[in-house]
Amino acid sequence: MTLHRTTRPQARPWATRRLVCLGFAGGGTVGFRPWARHLPIDVELRALCYPGRESRFAEPMGGWQELIDDSADAVATEVRSPYVLYGHSMGALAAYEVARTLEARGLEGPESLVLSGHIAPQHWSGTRSAALAAAPAAELAGWLEATGGVPDAVLADPDLRTMAVDLLRTDLAAYSTYRHVPGPRLRAGIHLMVGELEHSPLHDGWADLTDGPYSAETLPGRHFFTPPVWNALPRHMPVFRARDLAGSAG
C-alpha cells in the first residue's frame, strides 16, 4: 500500500512499532522493501519517498531544507508512534535533521535513530558531494557502479542510467549545501553502523548529538557493507534485538 510519501511493502496493521527508512543520494524506496521480511513480526517497514522519484517523479526536489521539511511533514502525518528512523549516507543526515525538526516542533519524534554510512554532521563540509554534483555523467555513473547503490540492470539500460545519474546529481547538489547548526541535543538515542573499510574518527562525533543512549559498530564491507549484510541489515539493528535504545534518557 502506498501513501502519499511513504510506502508499506508489507502492511502490518497489528504492528506495535515502525521502522521508517530515509534513502541515500540517488536512491528511492526499492532498496529497503525486502527488509520487511527481516523485521520482527510486530514491526512494520515504512520507506519514505523523496520528491523527484518513483510515485513522486513529477515533484521537484527543491533544496536541502525543503527536503527536510517535506520528510518531517510526511513522518508527522503518515507514521504512528512509536517508530525508529533509519537513514543511510545522505539519509543519515536527513534522518537526524528530521528528528531535530520534529522535536523542535514539539511533536513526538522517533524513539531512536539507526544511522549508517555517514560521518558526524559537525564534520561535514559538502566539498566532495559538490564536486561530484558537477562531475561528468560518466564519472557519476562510475560512482554509482562502484558504491553499489543502484541495481546493475538500471546502469545497463541507457535511458535508466541517464535518469539515475540525473537524480544523483540533483540529490548531491542539495546534499552538498548542508551545514550543521548547533542546537539542542536529541532526546532520541542513536545507533551508528559503519563499514569496517570506511570507518574513520570523523564518524565518532555522533555521540555528542544525543542525550539518549549511543552505540556504534563496524560491519563487514565498505559504504554499503557487503551484499549479505545490506540485504538483511535490520538483523544488525540492536533496537530490534533489545530495548536498550528505545525511548529517551532524562
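The rules behind the values
Residues numbered from 1 in each chain as written. Predicted model: local features only at pLDDT ≥ 70, side-chain atom pairs only at ≥ 80, totals over all residues. Heavy atoms only, no water. Helix = DSSP H or I, 4+ residues; strand = E, 2+ residues; numbered from the N terminus. Rg over C-alpha atoms; globule rule 2.2 N^0.38 Å. Buried < 20%, exposed > 50% of the residue type's maximum accessible area, 1.4 Å probe, protein only. Contact = heavy atoms within 4.5 Å. Areas by Shrake-Rupley, 256 points an atom, 1.4 Å probe, with all protein chains shown as cover. Expected span 1.5 Å × (residues − 1). Pairing = 2+ DSSP bridges. Axes fitted to C-alpha atoms, helices over the stretch in contact; angles between N-to-C directions. Core = buried A, V, L, I, M, F, W, Y, C linked by side-chain atoms within 4.5 Å. Disulfide = S-S within 2.5 Å. Patch = residues over 30% accessible without salt bridge, like charges linked within 9 Å, V, L, I, M, F, W, Y side chains within 5 Å. Salt bridge = Lys/Arg side-chain N within 4 Å of Asp/Glu carboxyl O.

Engineer: How do you make sense of the overall build of the protein chain when you look at a structure like this?
Structural biologist: Assigned secondary structure in the protein chain consists of seven helices and seven strands. On C-alpha atoms alone, the protein chain measures out to a radius of gyration of 17 Å, which is about the 18 Å that the 2.2 N^0.38 rule sets for 250 residues. Here the protein chain holds 250 residues, and 54% of them are scored as buried. Long-range contacts, defined here as pairs at least 24 residues apart, represent 78% of the contacts in the protein chain between residues at least 6 apart. With the model as given, the accessible surface of the protein chain reaches about 10700 Å², and the carbon-plus-sulfur share is 57%.

Engineer: Looking at this model, I keep getting lost on helix H2 (residues 90-104). Mind explaining?
Structural biologist: Two residues of an α-helix separated by three or four positions point the same way, owing to the 3.6 residues in each turn. End to end, H2 covers 21 Å across 15 residues, agreeing with the expected 21 Å (1.5 Å per residue, within 8%). Extensive coverage of H2 is indicated by the burial of 14 of its 15 residues. Glycine 106 sits one or two residues past H2 and shows a positive phi near 80°.

Engineer: Would you take a moment to explain the sheet that holds strand E5 (residues 112-116) for this structure?
Structural biologist: Taken in spatial order, the seven strands of this open sheet run E1-E3-E2-E4-E5-E6-E7, and their pairing is mixed. In the strand order of this sheet, the two ends are held by strand E1 (6-7) and strand E7 (214-219), each with one partner. Running at roughly 145° to strand E4 (residues 83-88), H2 makes contact with strand E2 (17-22), E4 and E5 of the sheet.

Engineer: Looking at this model, I keep getting lost on the nonpolar core. Mind explaining?
Structural biologist: Generally speaking, nonpolar side chains in soluble globular proteins are found buried as a group. Membership of the largest hydrophobic core comes to 51 residues, with the highest contact counts inside it found for Trp64, Val75, Leu85, Leu113 and Trp206. When residues of this core are assigned to their parent elements, the largest contribution, nine residues, is made by H2. Filtering out sequence-adjacent residues up to four positions away, leucine 113 remains in contact with Leu85, Ala95, Tyr96, Ala99, Leu186, Ala188, Gly189, Ile190 and His191. By size, the runner-up hydrophobic cluster in this structure holds 23 residues, among which are Phe24, Ala47, Phe224 and Leu233.

Engineer: When you look at the state of the cysteines in this model, what are you seeing that I'm missing?
Structural biologist: Disulfides are covalent bonds that connect the sulfur atoms of two cysteines. Under the criterion given, the structure shown has zero disulfides. You can see cysteine 21 has no disulfide; the closest cysteine sulfur is in cysteine 49, sitting 13 Å from it. A relative accessible area of 0% means that cysteine 21 is categorised as buried. For cysteine 49, a relative accessible area of 3% corresponds to the buried category.

Engineer: Please explain a nonpolar patch on the surface as it appears in this structure.
Structural biologist: Among the surface-exposed residues, Phe57, Leu160 and Met163 lie close enough to one another that they form a single nonpolar patch of about 300 Å² accessible area. With respect to the secondary-structure elements, methionine 163 resides in helix H6 (residues 158-175).

Engineer: Can you walk me through the environment of proline 201 in this structure?
Structural biologist: Considering the arrangement of structural elements, one finds proline 201 in the loop between strand E6 (189-195) and E7. Proline 201 sits in the exposed class, given a relative accessible area of 65%. Counting along the chain gives 81 residues from proline 201 to alanine 120, while the straight-line C-alpha distance between them is 9.4 Å.

Engineer: I would appreciate a short explanation of the side chain of threonine 101 in the present structure.
Structural biologist: Looking at where threonine 101 falls in the secondary structure, it is placed in helix H2. Threonine 101 sits in the buried class, given a relative accessible area of 16%. When residues no more than four places from it in sequence are discounted, the contact partners of threonine 101 are Ile68 and Ala72.

Engineer: When you look at the pattern of salt bridges in this model, what are you seeing that I'm missing?
Structural biologist: When charged atoms on two side chains of opposite charge get close, those side chains can pair. For the coordinates displayed, the defined rule picks out 13 salt bridges. Three or more residues joined by partner-sharing salt bridges are found here, namely Arg5, Arg56, Glu59, Asp70 and Glu78.

Engineer: Would you mind going over the side chain of serine 176 with me for this structure?
Structural biologist: For serine 176, the position within the fold is in the loop between H6 and E6. Note on serine 176: relative accessible area 9%, which makes it buried. Each residue touching serine 176, except ones within four places of it in the same chain, is listed here: Trp124, Ser125, Gly126, Ser129 and Ala130.

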